[in-house]
Amino acid sequence: MKSVPHFWFEPTPWVDGQWRRGMGEITVPNPATNLTLATVMRAEEELIQQAIEGADRAFAEWKRRSPVDRGNMLKRTATLMIARRDDLAALLSAEQGKPFAQALGEVDYAASFFQWFGEEARRSYGRVAAHPEAEREFFVEHKPIGVAGLITPWNFPLAQGAKKIAAALAAGCTAVWKPAERTPLIALAMAPLFTEAGIPKGVLQIVPARGAVVGKIFAEHPAMRVLSLTGSTATGSALMADAARSIKRVSLELGGNAPFIVLPDADLEFTAEHVLRLKLFVSGQVCVTANRIFVHESIEHEFLEILSHKLKNSVVGNGLAENVDAGPLIHRQACQDVDALVSQAISAGATLVCRNSTFERDPSLKEGSFYAPTLLSDVQDTMQIASHEIFGPVIPVLRYSSVADAICRANDTPYGLAGYVYGQDMTRCRAVARELEVGIVGVNEWRPLKAEIPFGGIKQSGIGAEGGEEGLHEFLCTQVISMPKPDLVR
Ligand code: NAD
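This is a predicted model, so every value here is computed, not measured.

Caption draft 1: How the structure looks around the site of the ligand. Near the ligand lie 27 residues; those nearest to it are Lys178, Glu181, Thr235, Leu254 and Glu389. A distance of 2.9 Å is found between an oxygen atom of the ligand and a side-chain nitrogen or oxygen belonging to Trp154. At 2.6 Å, a side-chain N or O of Thr235 approaches an oxygen atom of the ligand. Taking 850 Å² as the accessible area of the ligand by itself, protein coverage stands at 87%. Sorting elements by how many residues they give to the shell around the ligand places helix 8 (residues 211–220) first, with 3 residues. When grouped by side-chain class, the residues that make up the shell around the ligand number 13 nonpolar, 10 polar and 4 charged. Here the shell around the ligand spans two domains, since at least three of its residues come from each of domain 1 (14–254 + 461–479) and domain 2 (258–443).

Okay, here's the thing in structure tokens:
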């Protein structure tokens, strides 16, 4: 069993390079035991305002820095994260619940954004454009927009922060980061690393605080220029409404209801393995997890057999223990919410194929927020489980008879974040992938997200993108200067 490292940071807001006293308190439990891990001080209105104002002061100098300097600090942050990878992962696992191996993966993934945007910082290109009048020309420039408000969820508390911070700072913006109430520790743990990497005080502020309070302050403060949120669609809608009053730019990464289409020629062993990995990853509490598994009627029986065998052999446990496939859910209420969706589906005609409750025999897990991985078949599109984000390790299988019908049903949702297509005929897989109304498709791949590519949803799954060269543009604004051409001949 891994142990939680001694804290190298203070559990208080971090503003202008200092640990500051907050007003209220946030109790952070380990969801595997529900024992308190730490009590964190919360920033209230006055300190949040100070954080924005400090970031605004720091912006004046940060935007003038050479992009190479800014990039080097971000790359140094990546190196420092990798040097402390085990400590960061153990803290992340204890606070969020995910297995240690998955937490290590999140540290690496988060560091890859600091590395990527550290490199991209110097690639913010403008252009010179032709003017309709012969003696004039246009300069089109991309400039940092100003202070960015960054709000992140608890499921990837480090990676979601890294995506936003790295892009904002690379672009030349300064930022105020508000981590989720359930997971402020991993955010605060990054503060000393930012300092060690050379990032000046005020360039990044970290304020654990209540979401609705922060949303209103960020939306109203005149120095705040862009609000970037990763969270639920309901929160995105609330923040957008708040931001509308002062016409602030928003960048939103929201909820999903990803379809996973298993074509008749799919390799069933390989596909079942990937479905299981995807659904046990962070115990299904992932915006891009498969929410609806569409399986062709000709292969359904065999596929369910293979999948149930694998599911029965998976290991649920404390994320800090060895060889665990799935950790707890974030809290007990989450277990009840998932169970309500499963019960509703079963009472509406879904079949419970199997459930892996072996963890119930382990007395050390009795107080934790665990939910048994569950496989359901005969799921219908009209059931709540097919239209709501499940956010738990539940695999709902929906039967289809024609691929065209599966595509149509896959798109019949207000969400459009991710999709998956599994099969052996690559021409057909690509054709199906192109029909899906989502921001990203994995063909025979369950984890296609990388720093090198833009990731963002369509429909009610969001606005904008993170990663790739596009990620930088969320924090840049465009200015055109129209000028006379220099004329040396005259
Ligand atoms: P949430 O929407 O409850 O909270 C997200 C963040 O928003 C938290 O920091 C919270 O404090 C804050 N918040 C809450 N109300 C707010 C308000 N009115 N104004 C401003 N901020 C507010 O989401 P969650 O439960 O933490 O995370 C799960 C959700 O996030 C799921 O819907 C999931 O799909 C989504 N998510 C999306 C992505 C993506 O990239 N699209 C990634 C991860 C999670």
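Alright, that's what it looks like, and here's the rest.
Caption draft 2: Representation of the packing of helix 2 (residues 67–83) against helix 4 (residues 100–120) in the model. At a closest axis distance of 7 Å, the pairing of helix 2 and helix 4 adopts a crossing angle of 160°. On the basis of the axis angle, helix 2 is roughly antiparallel to helix 4. The two elements helix 2 and helix 4 meet at a crossing, and its hand is left-handed. Mapping the contact onto sequence places Gly71, Leu74, Lys75, Thr77, Ala78, Met81 and Ile82 in helix 2 and Val107, Asp108, Ala110, Ala111, Phe114, Gln115, Phe117, Gly118 and Glu119 in helix 4.

Caption draft 3: A look at the sheet that holds strand 5 (residues 127–130). Ordered in space as 5-6-22, the 3 strands form an open sheet in which the pairing is antiparallel. Looking at which strands have only one partner, the edges of the open sheet turn out to be strand 5 and strand 22 (476–484). When strand polarity is set aside, the average angle formed by the axes of neighbouring strands in this sheet is 25°.

Caption draft 4: Main features of the pattern of salt bridges. On inspection of all chains with the given rule, the structure shows 23 salt bridges. The partner of Asp16 in a salt bridge is Arg57, with the nearest N and O atoms 3.5 Å apart. Taken together, the positions of Asp16 in the loop between strand 1 (14–15) and strand 2 (18–19) and Arg57 in helix 1 (residues 45–62) put the pair 41 residues apart, joining distant regions of the chain. Under the relative-accessibility criterion, Arg57 is labelled exposed at 56%.

Caption draft 5: Just the nonpolar core, in detail. Among the nonpolar cores identified, the biggest contains 112 residues, and Phe114 and Ile293 are the most heavily contacted of them. By residue number, the principal contributor to this core is helix 4, which donates 11 residues. Counting residues domain by domain, this core receives three or more from each of domain 1 (14–254 + 461–479) and domain 2 (258–443). Residues within four places of Phe114 in sequence aside, it is in contact with Leu74, Lys75, Thr77, Ala78, Met81, Ala162, Ile165, Ala166, Met190 and Phe194. In this structure, Leu263, Ala334, Met383 and Val394 belong to the second largest nonpolar core, which totals 34 residues.

Caption draft 6: Molecular detail of the domain arrangement of the chain. Here the chain is described as being made up of domain 1 (14–254 + 461–479) and domain 2 (258–443). Averaged C-alpha coordinates put domain 1 and domain 2 at centres separated by 31 Å. Of the residues lining the interface, 22 residues belong to domain 1; the matching set on domain 2 comes to 27 residues. When the two sides are added together, the surface that domain 1 and domain 2 hide from each other amounts to roughly 2000 Å², 58% of it contributed by carbon and sulfur. Remark: the boundary between domain 1 and domain 2 carries 11 residue pairs in polar contact (both at pLDDT 80 or more). Within the residue set of the side of domain 1 that touches domain 2, elements represented by two or more residues are helix 3 (85–96) and helix 4. Across the side of domain 1 that touches domain 2, the residue classes tally to 9 nonpolar, 10 polar and 3 charged.

Caption draft 7: View of the side chain of His131. Tracing the backbone through its elements, the reader meets His131 in the loop between strand 5 and strand 6 (136–144). In this structure His131 comes out as buried when scored by relative accessible area, which is 16%. Only 3.0 Å separates the side chain of His131 from the backbone nitrogen of Glu133, close enough to count as a polar contact. Among all residues touching His131, those that are not within four sequence positions of it are Arg136, Glu137, Phe138 and Ser482.

Caption draft 8: Layout of the packing of aromatic side chains. All chains considered together, the criterion is met by 12 aromatic pairs. Geometrically, the ring pair formed by Phe270 and Tyr422 is tilted, given 6.0 Å between the ring centres and 40° between the ring planes. Within this pair, whereas Phe270 is found in helix 10 (residues 268–280), its partner Tyr422 is found in strand 18 (residues 418–422), the two being separated by 152 residues in sequence. Residue class for Phe270 comes out partly exposed when judged on its relative accessible area of 33%.

Parameters and conventions
- Residues numbered from 1 in each chain as written.
- Predicted model: local features only at pLDDT ≥ 70, side-chain atom pairs only at ≥ 80, totals over all residues.
- Heavy atoms only, no water.
- Near = heavy atom within 4 Å.
- Polar contact = N/O pair within 3.5 Å; in protein donor to acceptor, adjacent residues only side chain to side chain.
- Areas by Shrake-Rupley, 256 points an atom, 1.4 Å probe, with all protein chains shown as cover.
- Helix = DSSP H or I, 4+ residues; strand = E, 2+ residues; numbered from the N terminus.
- Nonpolar A, V, L, I, M, F, W, Y, C, P; charged D, E, K, R; others polar.
- Domains from an automatic or database assignment.
- Axes fitted to C-alpha atoms, helices over the stretch in contact; angles between N-to-C directions.
- Parallel < 35°, antiparallel > 145°, perpendicular 65-115°, else oblique.
- Left-handed = near helix turned anticlockwise from the far one by under 90°.
- Contact = heavy atoms within 4.5 Å.
- Pairing = 2+ DSSP bridges.
- Salt bridge = Lys/Arg side-chain N within 4 Å of Asp/Glu carboxyl O.
- Buried < 20%, exposed > 50% of the residue type's maximum accessible area, 1.4 Å probe, protein only.
- Core = buried A, V, L, I, M, F, W, Y, C linked by side-chain atoms within 4.5 Å.
- Buried area = accessible area lost by both parts, 1.4 Å probe.
- Phe/Tyr/Trp six-rings, centres within 6.5 Å; stacked < 30°, edge-to-face > 60°.

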